[in-house]
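# Geometric and topological summary
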Amino acid sequence: MNLPRNAASLTPTEALTTRSLRLVGRSIDAWGARGLREFPWRATRDPWAILVAEVLLQQTQAPRIAERYEDLLRDLKTPAATLALGKGGVLLRWSGLGYNSRAVRLFNTATIIVERFGGEVPTSREDLLSLPGIGPYTAAAIEVFAFERDRAVYDTNVARVIARAVLGAPTTAVKGWEIAERMVPPGHGWSYNQSVLDLGATICTSRRPLCEQCPLATRCRWRQAGYRDPDPARRTAGTSRPQGAFKGSARQARGNVVEALRGGDLSMEDLIATVDPSNESRVRQAIEGLVVDGIVVVTSEGVTLA
Ligand code: SF4
């Protein structure tokens, strides 16, 4: 027989009531109402514009994306316009944004949206998840930020806030997301999610949280525990791990190859000479990887953007 357990024996997750989580969500939403960061993708509900923003934001800081977003969207205005540019055209316009495989995935996504969904971004989570490069976070972000549904987005910033303030303990992605869903104040899905993303990015930061300015300061479990070491965010799934050094990395070599080809097609020898003649094997490896990812093509004439 399962005996009922008293409150003291409940795990932190089990002890949380929906009411207490909603209160946390409301505090975050009220904090955000005093002023969110201004980004161009926050001024639109166009699902394609939101999708493009979310793909860009997957691996790049928001302020950097903000500088390029409107220009890029002028050319990639709709899925049909993106498809008409061709993969090479999208790659050309991706210059300076890094992680070129995202440009290819965006082009593939535009293709499927035009061919299978009549040129309109699908509205169901299932259909969104069927698109290339659209994982659970991006699908949720489109539902929340374009269709204003009361769902939760769960990324590294949200995971950090939940681990520290709500649980005072590390958590898994499944549990963290389940808690995030219960924090959304009904009718405030859009504003709450933008607020919690800003809170994690600007106040509850990874290295130096600004607790005196935090709307959760009086209820934060990690703070109440005297910032017990280790930081619960550090062992929480969904929070970011430090990236390896960029200089000398395979990622840098791939980026340099694509950058060189943006100026026009090159023979293999010229491409190696342009990118890094001192490390031919690294350049060749980068090219091979880019071929596998469908970003460049090698022909008898030389190397070209796909
Ligand atoms: S009080 Fe500090 S640690 Fe707790 S959620 Fe706020 S910023 Fe993060």
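Quick caveat: nothing in here was measured; it's all calculated off a predicted structure.

Cut-off values and rules
Residues numbered from 1 in each chain as written. Predicted model: local features only at pLDDT ≥ 70, side-chain atom pairs only at ≥ 80, totals over all residues. Heavy atoms only, no water. Helix = DSSP H or I, 4+ residues; strand = E, 2+ residues; numbered from the N terminus. 1 Å grid on protein atoms, 1.4 Å probe; cavity = no way out; pocket = protein on both sides within 12 Å on 5 of 7 lines; lining within 4 Å. Points joined across faces, edges and corners; volume = space filled by probe spheres on them. Nonpolar A, V, L, I, M, F, W, Y, C, P; charged D, E, K, R; others polar. pLDDT = per-residue confidence, 0-100. Contact = heavy atoms within 4.5 Å. Near = heavy atom within 4 Å. Sits in = over half its atoms within 2 Å of the grid points.

## Comments concerning unusual backbone geometry
Cis geometry marks the peptide bond from D229 to P230; its omega dihedral reads 0 degrees. Take P230: it is sitting in the loop between helix 12 (221–224) and helix 13 (250–262). Although it is not a glycine, E148 adopts a positive phi angle of roughly 55 degrees. Inspection of the secondary structure puts E148 in the loop between helix 8 (136–145) and helix 9 (156–167).

## Observations regarding empty space enclosed by the protein
In total, this model carries two cavities of 30 Å³ or more according to the counting rule given. Space inside the largest cavity adds up to approximately 120 Å³. Residue lining of the largest cavity: 14 residues in total, with C204, P209, C211, C214 and C220 positioned closest to the centre. In terms of residues, the lining of the largest cavity owes the most to one element, helix 9, which gives three residues. Split by residue class, the lining of the largest cavity holds twelve nonpolar, no polar and two charged. Taken as a whole, the second largest cavity encloses approximately 30 Å³ of empty space. Among the elements that make up the lining of the second largest cavity, the one with the highest residue count is helix 6 (residues 101–117) (three residues). Of the residues assigned to the lining of the second largest cavity, the class counts are four nonpolar, three polar and one charged.

## What to know about the confidence of the model for the protein chain
For the protein chain, the mean per-residue pLDDT works out to 89, and 92% of the residues sit at or above 70. Here residues 1–10 is a poorly scored stretch, pLDDT under 50, and it has three contacts once near neighbours within four places are set aside; other chains count.

## So, the site of the ligand
What surrounds the ligand is the set R164, A165, C204, P209, C211, C214, A217, C220, W222 and R223. Counting atoms within 2 Å of the grid points, the majority share of the ligand lands in the largest cavity. At the level of secondary structure, the elements contributing two or more residues to the shell around the ligand comprise helix 9 and helix 12. Looking at the shell around the ligand, its residues break down into eight nonpolar, no polar and two charged.

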